[in-house]
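# Summary of structural features
Chain residues, written in single-letter form:
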Amino acid sequence: MAGHKTWAAAAVLTGLIAPLVLPDFYITLLIYTGLASLVVVGLVVLTGVGGMTSFGQATFVGLSAYATAVLSTAFGWSPWAALLVSIALTCSSAWLIGLLTIRLSGHYLVLGTIAWSISLYYVFGNMMILGGYNGLSGLPAVTLFGYPLTGFRNSYYLIWIFVLGAVVCTANLLDSRVGRAIRSLRNPVLAESFGVDIYKLRLAVFVYAALLAALAGWLQAHYFRFVNPTPFGFDASIEYAFMLVVGGATNIVGAIAGAFVLIVGKTSLQILLPKISPDIAHWDKIFFGLMIIGLFHYARGGIVSTHRFGLGAKRSRAVAGSMPAHEKTAASDAQLLRVEGVTKRFGALVAVNNVSFDVAAGKVVGVIGPNGAGKSTLFNLITGTLPIDSGKVWLGDQLLSGMAPHDIVRHRVARTFQHVQLRPGLSVLDNVALGGHWRENTGFLASLVRLDRVQERRIRANALEQIRRVGLEDVADVDAHSLPLGKQRIVEIARALCASPTLLLLDEPAAGLRYQEKVALADLISQLREEGMSVLVVEHDMDFLMNLADHIVVISFGTKLSEGSPLHVQSDPKVIETYLGVE
């Protein structure tokens, strides 16, 4: 952390001195870098961290630039008053476009952003009120305390103050409860399972990236004092995407570095190539394209090391405070979970066929069956990951059927996964802290300005408590994906416990664990049962499960075959024949 502060102080000091010693040409390059950096910092959150690829950010720059141009030239508004309207218009447009776009995924999302980017570019060029393709000129300069900020150096300081603010706010955002949720958006099933409303969060991230683009557009319009459609076309959006990848897609400092490299590199090539030969004067894009391809081969993570310079989620375990206490579960003779005639079909395949069973409060219930029996599908139906075709699932008096996963977890139902679902690049502590997402309510704006610190300390304190509980305190600050598979499964259990569940669903928790680790896991589950927690376990290790469970449900080809105590199930001839085997 001290190293990060030293680098940050050095960068700020260099930025303050640069206009005093550099010629105008280099100051201009730094101004262009600052304007582009604002857009690319937004892309770090939107694309690099959130996983939503957009090739339309230049359009948001243009919306803001044209809004302030019209207001300041046609209506005589001051640039500062026009800034508020420009931001409002751009963010409103992003919200509307996002409603139609972010439900798409993969290449459909990319094509969607390209479509509205091209469309709005031609709108800019064909509206006479916007000056057509000739644009609008005569914009006033920004004034500060009555002093017009004209000239290279004054504009430089204004632009980089905005960049610094964007960097600080974005770093705050990524180092927060909301930031962890954004990092989980690449895995929607995981995110929803711990209380993240992925659609609302994607929309908020989309608007935030547009907000930073709007600031860039406003600054650009009043720096050049002229706007036309050319800088806001599809080519500009492609360049922003290149800057993101060159610097490092998940790295805030990399956003600035990528913008600097692309702008300085292009300018240098445009100057040098004509000196080499007039015939290759316009080959700068080819040369620069080859440079980028080389970078992709040898430095796919970008030119800035995430581990050394990245800003975002902290790795420190210095936390304090505690999460709000929750009431204990009901008495052990009460039925907590009721699964009534649940059925799920995938076309002609009936994966789960009219399955019913109960889970009493404070009991451990095991679900067994051959591979492909429908056990994990059953888990997905209970937690809302898959919709139920028929039947109902009740948690006490609360009907869970039809609820979204992010609402089900708020009724204190948490789970692990058959295939480990951890976020790479995050520590064990940060992965576990995601489990407590639903227990706090800090919003997007509060995270930007660090008004969430009390709640963040509570979340991290609870996460560390659960890590200690499962015996992984010594690796709390280690990248979770670097751990052996068995320990990764234990991290998942700690994350689920961080959600303070009354019902815990464990999908093959002992897979990949060594003998002593299985013994420790059995002891942990037994302790949870003594505390009143209900546990539903899918497992193939019969020795592990039969010595632990109070009740066993056997499923074969999606149909319940038998249920009862472990002794009853082990002696059932149908179970012996179809699952446990016959001598």
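About the cut-offs
Residues numbered from 1 in each chain as written. Predicted model: local features only at pLDDT ≥ 70, side-chain atom pairs only at ≥ 80, totals over all residues. Heavy atoms only, no water. Helix = DSSP H or I, 4+ residues; strand = E, 2+ residues; numbered from the N terminus. Buried < 20%, exposed > 50% of the residue type's maximum accessible area, 1.4 Å probe, protein only. Contact = heavy atoms within 4.5 Å. Pairing = 2+ DSSP bridges. Patch = residues over 30% accessible without salt bridge, like charges linked within 9 Å, V, L, I, M, F, W, Y side chains within 5 Å. Areas by Shrake-Rupley, 256 points an atom, 1.4 Å probe, with all protein chains shown as cover. Salt bridge = Lys/Arg side-chain N within 4 Å of Asp/Glu carboxyl O. Axes fitted to C-alpha atoms, helices over the stretch in contact; angles between N-to-C directions. pLDDT = per-residue confidence, 0-100. Expected span 1.5 Å × (residues − 1). Core = buried A, V, L, I, M, F, W, Y, C linked by side-chain atoms within 4.5 Å.

### Re the side chain of asparagine 380
By the element assignment, asparagine 380 lies in helix 14 (residues 375-382). Overall, the relative accessible area of 18% leaves asparagine 380 in the buried class. Not counting chain neighbours up to four residues away, the residues in contact with asparagine 380 comprise Thr385, Leu386 and Arg415.

### Re the sheet that holds strand 5 (residues 335-346)
Strand order in the open sheet formed by four strands is 6-5-8-9, with antiparallel pairing between adjacent strands. Strand pairing shows two members of the sheet lacking a second neighbour, strand 6 (349-360) and strand 9 (398-399), which therefore form its edges. Note: strand 5 against strand 6, eight bridges, orientation antiparallel. Bridge assignment links arginine 338 to a residue of strand 6, and that residue is aspartate 358.

### Concerning a nonpolar patch on the surface
Together, Val12, Leu13, Leu16, Ile17, Leu20, Val21, Leu164 and Val168 give the surface a local cluster of nonpolar side chains, amounting to about 740 Å² of exposed area. If you list the elements that add at least two residues to the nonpolar patch, you get helix 1 (2-21) and helix 6 (152-174). Top element by residues in the nonpolar patch is helix 1. It accounts for six residues. Following the sequence through the fold, leucine 164 ends up in helix 6.

### With respect to the sheet that holds strand 11 (residues 503-507)
As summarised here, the arrangement of the six strands in space is 10-11-12-7-13-14, forming an open sheet in which the pairing is mixed. Looking at which strands have only one partner, the edges of the open sheet turn out to be strand 10 (413-415) and strand 14 (559-564). On average, each strand axis in the sheet is tilted by 15° relative to the strand beside it, whichever way the strands run. Bridge count for strand 7 (residues 364-368) against strand 12 (residues 534-538) is four bridges, and the pairing is parallel. In the strand pairing of strand 12, valine 364 is matched with valine 535. Packing of helix 19 (residues 485-498) onto the sheet brings it into contact with strand 10 and strand 11, and relative to strand 11 it is tilted by some 165°.

### A few points about the confidence of the model for the protein
Per-residue confidence for the protein averages 88 on the pLDDT scale, and 92% of its residues sit at or above 70. Averaged pLDDT values over the elements of the protein bottom out at 42 in helix 13 (residues 306-309) and peak at 96 in helix 9 (residues 198-224). Overall, residues 306-320 carries pLDDT values under 50, and its contacts beyond four positions in sequence, including any with other chains, amount to 53 contacts. Within the model, pLDDT remains below 50 along residues 324-333, and this stretch shows 17 contacts once partners closer than five positions in the same chain are excluded.

### A few points about helix 5 (residues 107-126)
Counted at 1.5 Å a residue, the expected span for helix 5 with its 20 residues is 28 Å, and the 29 Å between its end C-alpha atoms agrees. Of the residues making up helix 5, those classed as buried are Leu109, Val110, Gly112, Thr113, Ile114, Trp116, Ser117, Tyr121, Phe124 and Gly125. For helix 5, the elements touching its buried residues are helix 3 (57-74), helix 4 (79-101), helix 9 and helix 10 (234-247).

### A closer look at the nonpolar core
Ranked by size, the top nonpolar core spans 93 residues in total, and within it Phe60, Ile182, Leu201, Tyr240 and Phe444 carry the most contacts. Here the element with the most residues in this core is helix 9; it accounts for 18 residues. Ignoring sequence-local partners within four residues, the contact set of phenylalanine 60 consists of Thr90, Ala94, Ile97, Trp116, Phe206, Ala210, Ala213 and Ala214. Formed by 54 residues, the second largest nonpolar core is a distinct cluster that contains Ala476, Leu483, Ala496 and Met546.

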